[in-house]
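# A look at the structure
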Amino acid sequence: MNLFNLTGETAVVIGGTGVLGGALARGLADAGAAVTVVGRTNRGALPFVAADVTDAGSLRQALELTGIPTILVNAAGGNDHKATVTAELPFERIPRENWASVFDLNLVGGVLLPCQIFGGAMTRGSIINIASVSAHLPLSRVVAYSAAKAAVLNLTQFLAREWAPRGIRVNSITPGFFPAEQNRRLLFKEDGTPTPRAQSILGHTPMNRFGTADELVGAAIFLASPKASSFVTGADIRVDGGFLAQTI
């Protein structure tokens, strides 16, 4: 018995046009699933449906085109670097609209709406939400992002309990630090050398390196497989090089 063969499964990867989401989409396809990517702009070779994850109507239209999946990966998210919520502002001066924009993308559009629309239509299968190490330990300069991702973990556990009787498992993956479009300028200088923030991150990561996108795929295939993780729901798998295990 091949525990990790996803042949016969249909997967929708929302936010699958990004670095991490794209790797997850390709990994599920390589494991045998029929994968459709949902996002703003098509950047890959897999079947694609355009949608705005923060718009319920747009997601409903996407569902009509993709069909009801047995695997749903919610990988949309990121931080708004144009908002002063990412700058060195005192907490009490962070504008409310900046909180709203970050929560709208990472919680509402990233998990809540896709789970209501796609998850609400599912009759069995696996939902995988992408969290962050900042959900467990709030990081400096990204307070709204940290809070939104903490809410993602909470919602994941709620849905795991709520939908278990329907045969739907709901879990999350917590990535550590993976260089991608949204964080590259925070991690690397123009000459490619690590920034002081990156050096601090690496010093807090026992494996002393950043992750690569493909290193998330194994955890996703495990959680997606109806055989390998048939009794796993409400769990969070950390793929962080030991970041959250490090103390002093």
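Located above this text is the structure these notes cover.
Rules used in this analysis
Residues numbered from 1 in each chain as written. Predicted model: local features only at pLDDT ≥ 70, side-chain atom pairs only at ≥ 80, totals over all residues. Heavy atoms only, no water. Helix = DSSP H or I, 4+ residues; strand = E, 2+ residues; numbered from the N terminus. Rg over C-alpha atoms; globule rule 2.2 N^0.38 Å. Buried < 20%, exposed > 50% of the residue type's maximum accessible area, 1.4 Å probe, protein only. Contact = heavy atoms within 4.5 Å. Pairing = 2+ DSSP bridges. Axes fitted to C-alpha atoms, helices over the stretch in contact; angles between N-to-C directions. Salt bridge = Lys/Arg side-chain N within 4 Å of Asp/Glu carboxyl O. Patch = residues over 30% accessible without salt bridge, like charges linked within 9 Å, V, L, I, M, F, W, Y side chains within 5 Å. Areas by Shrake-Rupley, 256 points an atom, 1.4 Å probe, with all protein chains shown as cover. Polar contact = N/O pair within 3.5 Å; in protein donor to acceptor, adjacent residues only side chain to side chain.

What follows deals with the overall build of the protein. For the protein, the helix and strand inventory stands at 7 helices and 7 strands. Secondary structure elements of the protein occur, N-terminal to C-terminal, as β-α-β-β-α-β-α-β-α-β-α-α-α-β. Relative to the compact-globule value of 18 Å for 248 residues, the protein shows a C-alpha radius of gyration of 18 Å, a close match. Taking the principal axes of its C-alpha atoms as reference, the protein extends roughly 45 × 40 × 35 Å. A buried classification covers 48% of the 248 residues belonging to the protein. Taking all contacts inside the protein whose residues are at least 6 apart in sequence as the whole, residues at least 24 apart take part in 70%.

Judged by pairing direction, the sheet is parallel, and its 7 strands sit side by side in the order β3-β2-β1-β4-β5-β6-β7 without closing on themselves. The open sheet has two edge strands, β3 (48–50) and β7 (236–239), and neither has a second partner. Ignoring strand direction, the axes of neighbouring strands in this sheet form an average angle of 20°. Pairing geometry for strand β4 (residues 71–74) and strand β5 (residues 125–130), over 4 bridges, is parallel. What sits directly across from L72, in β5, is I127. On top of the sheet, helix α3 (residues 96–121) reaches β1 (10–14), β4, β5 and β6 (168–175); it is set at about 165° to β4, its chief contact.

Across all of its chains, the model carries 3 salt bridges by this definition. As a salt-bridge pair, R40 and D52 come within 3.3 Å of each other at their nearest N and O atoms. Linking R40 in the loop between β2 (34–39) and β3 with D52 in the loop between β3 and α2 (56–66), this pair joins segments that are 12 residues apart in sequence. Since its relative accessible area comes to 62%, R40 is described here as exposed. Salt-bridge contacts for R209 lead to E215; the nearest nitrogen and oxygen are separated by 2.7 Å. Taking the relative accessible area as the measure of exposure, R209 reaches 37% and is therefore partly exposed. For E215, a relative accessible area of 36% puts it in the partly exposed group.

Quick look at a nonpolar patch on the surface now. Taken together, the side chains of M1, L3 and F4 present a nonpolar region at the surface, about 350 Å² in accessible area. The residue M1 is located in the segment before β1 in this model. Overall, M1 belongs to the exposed group, its relative accessible area being 82%.

A separate point is the side chain of T70. Turning to its location among the elements, T70 is positioned in the loop between α2 and β4. At 2.7 Å, the side chain of T70 forms a polar contact with the side chain of E9. Here T70 is in contact with E9, T10, M122, R124, G125 and S126, once residues within four sequence places are set aside.

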